[in-house]
Amino acid sequence: MTKVGLRRLALTGLLSFGLMGTAFAQPPATGLGQSWPNTTDVSASPNWHAYVFVLGGIKYVQINDLNGNVLGAVGTSNGQFITLPIGAFAQLVSTPQQPAAVSTGAAPAAQPSTVYQDTSVQVTATPKTDGTVTLIATAMGCDPIDCNIRNQ
């Protein structure tokens, strides 16, 4: 085969591979921090909305109320969590590595309810008597020692 023939074959292979990748690609979910993001509501409860975004191996879980108000969000990967600075009650979000930044001192107005759960994370919401909502994110299916999670 000539050099020109090898180049054409290599170019055809690369183009075919590139086109195949775009055929299987799904459009990314967008709208983290928005009331009605461009993704599916995956809430486990009819009283809340839960949206999941994945970027760079990190899963972001956002919780909204029924009116679309963003309450809070967490990022998680490999049993590690971070509270995102979005939502009306971002300072009331607890994770295994980070307790809530503030405490309202209000009593629970209802039992905690699971808003989102998959094989790696569970998020619960607890309405409080002062109108606030606390969110608690925990790791699922993970030995706390292996996941380096402190007990709260």
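Everything that follows concerns the structure shown earlier in this document.
The sections below set out a description of the structure shown in this document. (Residues numbered from 1 in each chain as written. Predicted model: local features only at pLDDT ≥ 70, side-chain atom pairs only at ≥ 80, totals over all residues. Heavy atoms only, no water.)

### A few points about the overall build of the protein
- Each helix and strand in the protein was counted, giving one helix and eight strands.
- The linear arrangement of helices and strands in the protein, starting from the amino end, is α-β-β-β-β-β-β-β-β.
- Counting over 152 residues, the protein shows a buried share of 35%.
- Summarising the internal contacts of the protein: among those between residues at least 6 apart in sequence, 34% fall at separations of at least 24.
- Of the accessible surface of the protein, which amounts to about 9300 Å², a share of 59% is contributed by carbon and sulfur atoms. (Helix = DSSP H or I, 4+ residues; strand = E, 2+ residues; numbered from the N terminus. Buried < 20%, exposed > 50% of the residue type's maximum accessible area, 1.4 Å probe, protein only. Contact = heavy atoms within 4.5 Å. Areas by Shrake-Rupley, 256 points an atom, 1.4 Å probe, with all protein chains shown as cover.)

### Comments concerning the sheet that holds strand β1 (residues 49–55)
- The strand order across the open sheet formed by four strands is β1-β2-β3-β4, and the pairing between neighbours is antiparallel. The open sheet has two free edges, formed respectively by β1 and β4 (80–83), since each of these has just one partner strand. Across the sheet, the mean angle separating the axes of adjacent strands is 20° when strand polarity is ignored. (Pairing = 2+ DSSP bridges. Axes fitted to C-alpha atoms, helices over the stretch in contact; angles between N-to-C directions.)

### Focus: the sheet that holds strand β6 (residues 113–117)
- Spatial ordering of the open sheet is given by β5-β8-β7-β6, a layout of four strands whose pairing is mixed. The open sheet has two edge strands with one neighbour each: β5 (93–94) and β6.
- As defined by bridge partners, β5 adjoins strand β8 (residues 133–139) across two bridges and the pair is classed as parallel. Residue pairing across strands places V93 opposite L135, the latter belonging to β8.

Honestly, that's just the spatial picture; any functional story needs more than this.
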